[in-house]
Amino acid sequence: MNKFLDLGAEVSAALASGRPVVALESTIISHGMPYPQNVETALRVEALVRECGAVPATIAILGGRLKAGLDQAQIEDLGKKGRDVVKVSRRDLPRVVASSLDGATTVAATMIIAELAGIRIFATGGIGGVHRGAESSFDISADLDELAVTSVAVVCAGAKSILDLEKTLEYLETKGVPVIGYGTSEFPAFYNPHSGLSLEERADEPAAIARRLRAKWDLGLAGGVVIANPVPEKDAMPKAAIDAAIEEALGLAKAKGVKGKDVTPFLLATVKELTGGDSLESNIALVLNNARLASAIAVEYGKAK
Ligand code: PSU
Ligand code: MN
């Protein structure tokens, strides 16, 4: 095992005996949702994964140690610190480890640590992507390049339309990353199941997804897979309301000159403010929905050997 990595006791036992494990990220806790809903959601997600027959492994960096499997007090602490914790993507990992800092891991960094731990399935809310205006800003999330090289399947509700979803899909195609719609042939737009962008790959059963993951990795094709799980209609936000909030948030980001790794947290927080509690409710519901699907895939992946 990697010398910087610590597995939680439950995670370690599950991996040793080949039982299903689902990785969970921590930037969604520190930067993605306000306290206390972030902690409540993280704990509900863990409980749901257990109910579904898998072991949750929330991933973060504490005192410079990579952690796969946090306890309740550690999750509570990350949630309370919120944006004071370093948001860690691939390039931040060495600094945070070498300086013994705490870090909340993005999709990219969570994938890296999950792969080091031997965890193949990961549930989150939304992935990063190609930002609108990327043709001049060059702002493309490191999550996409991570998906190209790190062999972990990411279950998400698509991506928020703070991003250019069409370019995001093009980029994933270029990088050889399969995008599988679960029960849909359309890429979901996070708060809403519809983006109007079609997907070539669809699967209607967790077992079918597990077989595709086996096929990819047994072919020696390293890299991730995006499993796009639409938010249930009952939990979706009306497209017009969310689009208006996103436009306003993008305008504010531009006016304030927000740059680099602060762009995504700024947009997420501003959209949340502008839409009140509704978007948070929707966000929580879709994360739970993704945890349920990821658990089912992890169970099937264990059988698909
Ligand atoms: N999108 C969301 N919620 C999130 C994030 C993105 O809807 O919490 C977080 C994830 O941790 C993701 C990161 O990996 O933001 C992407 O940040 P950036 O665009 O700076 O790569
Ligand atoms: Mn960026």
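Residues numbered from 1 in each chain as written. Chains lettered and ligands numbered in written order. Predicted model: local features only at pLDDT ≥ 70, side-chain atom pairs only at ≥ 80, totals over all residues. Heavy atoms only, no water.

S.K.: For this particular structure, what's the right way to read the pairing of strand S3 (residues 55–62)?
M.R.: On any regular strand, side chains alternate: one points to one face of the sheet, the next to the other face. Taking burial as the measure, the eight residues of S3 include eight buried ones, the bulk of the element. The alternating pattern of S3 places Val55, Ala57, Ile59 and Ile61 on one face and Pro56, Thr58, Ala60 and Leu62 on the opposite face, and all of these are buried. Across four bridges, strand S2 (residues 21–24) lies against S3 in parallel orientation. Bridging from a neighbouring strand, Val22 pairs with Pro56 of S3. (Buried < 20%, exposed > 50% of the residue type's maximum accessible area, 1.4 Å probe, protein only. Helix = DSSP H or I, 4+ residues; strand = E, 2+ residues; numbered from the N terminus. Pairing = 2+ DSSP bridges.)

S.K.: Looking at this structure, I do not really get the packing of aromatic side chains. What am I missing?
M.R.: Aromatic ring pairs: the centre-centre distance and the angle between the two ring planes describe each pair. Inspection of the entire model under this criterion finds two aromatic pairs. Measuring from ring centre to ring centre gives 4.8 Å for Phe190 and Tyr191, while their planes differ by 85°; the resulting arrangement is edge-to-face. Residues Phe190 and Tyr191 agree in their burial class; the two are buried. When the centroid spacing of 5.9 Å and the interplanar angle of 80° are considered together, the rings of Trp217 and Tyr301 count as edge-to-face. With Trp217 in helix H10 (residues 206–218) and Tyr301 in helix H13 (residues 277–303), the pair connects residues that are 84 residues apart, well separated along the chain. Of the two residues, Trp217 and Tyr301, both sit in the buried class. Seen from the ring of Phe190, Lys160 lies directly overhead, with NZ or CZ sitting 3.7 Å from the centre. Lying over the aromatic face of Tyr301, Arg214 brings its terminal NZ or CZ to 3.9 Å of the ring centre. (Phe/Tyr/Trp six-rings, centres within 6.5 Å; stacked < 30°, edge-to-face > 60°. Lys NZ or Arg CZ within 6 Å of the ring centre and 35° of its normal.)

Purely geometric numbers; function is a separate question.
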